[in-house]
Amino acid sequence: MYDIIIIGAGAAGLTSAIYTGRKKMKTLVVSVDIGGQTLLTEHIENYPGYTEETPGFPSGPKLMQLFDTQAKKFGAEFTSGKVNKLEKTGNGFKASLTNGETYEAKAIVLAYGKVPRSLGVPGEDKFIGRGVSTCATCDAPIFKGKTVAVIGGGNSAVEAAELLTKYATKVYLIHRRDAFRADEVTIERVKKLPNIEFVLDTVPTEIKGEKFVKGIGIENSKTKEKRELEVGGVFVEIGYVIETDFVKDLVKINEKNELIVNESGETSCPGIFAAGDLSSFPYKQTIISAGQGAMAALTAYEYVMKLEGKTGARIDWS
Amino acid sequence: MNVKIYTTNHCPYCHQAKDFFKEKKVEFKEINVEENPQAAEEMVEKSGQMGVPVIEIDGQIIVGFNKPAIEKALKK
Ligand SMILES: Cc1cc2nc3c(=O)[nH]c(=O)nc-3n(C[C@H](O)[C@H](O)[C@H](O)COP(=O)(O)OP(=O)(O)OC[C@H]3O[C@@H](n4cnc5c(N)ncnc54)[C@H](O)[C@@H]3O)c2cc1C
């Protein structure tokens, strides 16, 4: 039995682990990866204290490595895995992982962030890793000399398309509306590239192929005209979603599908705390997730102390 | 033991995997498929997929930074 299980090891979860570790709470961190979305940030230049003078700057992955080392230094245990079930037990909570393992704790910090939104069209799951990618930064170079499609209309989609033009012979940028939501400057820059074609008012209907992706079926949402583009890769850049299936019976969710937390990081369920991008706080940023992680950890500490009949005095520094 | 890792320059999981090997003091050969398109084809053929990293441990192919699978393969 742990004092606390932290689900997710991004900026929020790792910061929680630093705080609970320093409070000598028996802490387990369960996570799919170490670092979360900050791993996808090549240049993080707005994290205070992380500057030219810090080794690794401005790499997001290097910053997360610092978080990780610090959390481990203060005693948190780590296990890699994906939580898919959370239940109340007589004296706390039980978290079940997809690999069959289960762990119990007196309190829980939910810090599992967001995951890329999927298209939900036939062929997408089948070809993930076989031409369908959600990480242009990672996989773009493998599509050298191929024609590819990028789906989405925000900054991440337009930037992914721009990056891909350096490798692919041709890039289709497919967006369901008639205008992009990305920054004007980015759009202007991308418009000038010779090997990009904008396909607006259009949604994908199917991803086709044999072993690898060979094409994408698309439909114009105004004219309903259908056609197929021959592509070797499909990059899905349509934002992020918060997975709430395994927590929605325990904690309250808002209309944006975010976990509702109060100013101390408490959810609607006593003993369950939440921090970071999955929470109802606005502005999804590494520094904000880290701050919320610290907050949730300290509130959880107070909660566990009270359970044990000790005074959970509020501490302003430690 | 023969360990190879296929990477690209900006792939976070490639960096994590390399750090993992360094931490475990496992020697590995890095093949950057961004600089070597022929190696990219080789990687796709071997792994049957197009994502990085791909890790090869004594002929066994592991896709992604799949820590449990890597640990198991290293123990063999
Ligand atoms: C491309 C990009 C660029 C960005 N640039 C910046 C920037 O310059 N500055 C900035 O401040 N912010 C930036 N952000 C935002 C920032 O990355 C996020 O706000 C931050 O990562 C959120 O941290 P988090 O800990 O709340 O969640 P996440 O980083 O999403 O971490 C969640 C963790 O939970 C794990 N997990 C998920 N589901 C489960 C599960 N079911 N069971 C167990 N573990 C699970 C994941 O593996 C991960 O480790 C950027 C984001 C992106 C995508």
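Because the structure is a prediction, the values reported are computed rather than measured. (Residues numbered from 1 in each chain as written. Chains lettered and ligands numbered in written order. Predicted model: local features only at pLDDT ≥ 70, side-chain atom pairs only at ≥ 80, totals over all residues. Heavy atoms only, no water.)

## Looking at the site of the ligand
Residue and element names in this part refer to chain A.
Piece 1. Taken together, the neighbourhood of the ligand is formed by 32 residues, with Asp33, Gln37, Val83, Asp277 and Gln285 sitting nearest.
Piece 2. Between the ligand and valine 32 there is a distance of 3.4 Å, counted from a nitrogen atom to a backbone nitrogen or oxygen.
Piece 3. Here the ligand, which alone exposes 1000 Å², has 87% of that area covered by the protein.
Piece 4. The set of elements that each furnish at least two residues to the shell around the ligand consists of α1 (11–22), β2 (27–31) and α6 (286–307).
Piece 5. Residues belonging to the shell around the ligand are distributed by class as follows: twelve nonpolar, 15 polar and five charged. (Near = heavy atom within 4 Å. Polar contact = N/O pair within 3.5 Å; in protein donor to acceptor, adjacent residues only side chain to side chain. Areas by Shrake-Rupley, 256 points an atom, 1.4 Å probe, with all protein chains shown as cover. Helix = DSSP H or I, 4+ residues; strand = E, 2+ residues; numbered from the N terminus. Nonpolar A, V, L, I, M, F, W, Y, C, P; charged D, E, K, R; others polar.)

## Quick word on the sheet that holds strand β1 (residues 3–7) of chain B
Residues and elements named next belong to chain B.
Piece 1. With mixed pairing, the four strands of this open sheet are ordered in space as β2-β1-β3-β4. With one partner strand each, in any of the chains shown, β2 (29–32) and β4 (60–63) form the two edges of the open sheet. Averaged over all adjacent pairs, the angle separating strand axes in this sheet is 20°, with direction ignored.
Piece 2. Alignment of β1 against strand β3 (residues 54–57), held across four bridges, turns out to be antiparallel. Along β3, the bridge assignment pairs valine 3 with isoleucine 57.
Piece 3. Of the strands in this sheet, β1, β2, β3 and β4 are in contact with helix α2 (residues 37–47), which crosses β1 at around 115°. (Pairing = 2+ DSSP bridges. Axes fitted to C-alpha atoms, helices over the stretch in contact; angles between N-to-C directions. Contact = heavy atoms within 4.5 Å.)

## Some words on the packing of α1(A) against helix α2 (residues 60–73) of chain A
Residues and elements named next belong to chain A.
Piece 1. The contact between α1 and α2 brings their axes to 8 Å, and the two run at 25°. Taken together, the axis directions place α1 and α2 in an arrangement best described as roughly parallel. Once α1 is placed against α2, the crossing between them reads as left-handed. In this structure, α1 uses Ala11, Leu14, Thr15, Ala17 and Ile18 to contact α2, whose residues at the interface are Met64, Phe67, Asp68, Gln70 and Ala71.
Piece 2. Across the contact of α1 with α2, the residue classes break down as seven nonpolar, two polar and one charged. (Parallel < 35°, antiparallel > 145°, perpendicular 65-115°, else oblique. Left-handed = near helix turned anticlockwise from the far one by under 90°.)

## With respect to the environment of Asn254(A)
All names here are of chain A.
Piece 1. Of note, asparagine 254 is situated in the loop between β16 (240–241) and β17 (272–274).
Piece 2. Look at asparagine 254 and you get buried, because its relative accessible area is 17%.
Piece 3. For asparagine 254 and glutamine 70, which are 184 residues apart along the polypeptide, the C-alpha to C-alpha distance reads 33 Å.
Piece 4. Setting aside residues no more than four positions away along its own chain, asparagine 254 makes contact with Ile260 and Ser280.
Piece 5. At a separation of 2.9 Å, a polar atom in the side chain of asparagine 254 contacts the main-chain amide nitrogen of lysine 256. (Buried < 20%, exposed > 50% of the residue type's maximum accessible area, 1.4 Å probe, protein only.)

## A short note on the interface of chain B and chain A
Piece 1. Tallying the contact residues gives 18 residues for chain B and 24 residues for chain A.
Piece 2. Around 1800 Å² of area is buried between chain B and chain A when both sides are counted, 60% of it from carbon and sulfur atoms.
Piece 3. Counting the surface chain B buries against chain A, the share from its top three residues, His10(B), Pro12(B) and Met50(B), is 34%.
Piece 4. Remark: the boundary between chain B and chain A carries eight residue pairs in polar contact (both at pLDDT 80 or more).
Piece 5. The element that contributes the greatest number of residues to the side of chain B that touches chain A is helix α1 (residues 12–23) of chain B, accounting for four residues.
Piece 6. Considering only residue class, the side of chain B that touches chain A consists of ten nonpolar, six polar and two charged. (Buried area = accessible area lost by both parts, 1.4 Å probe.)

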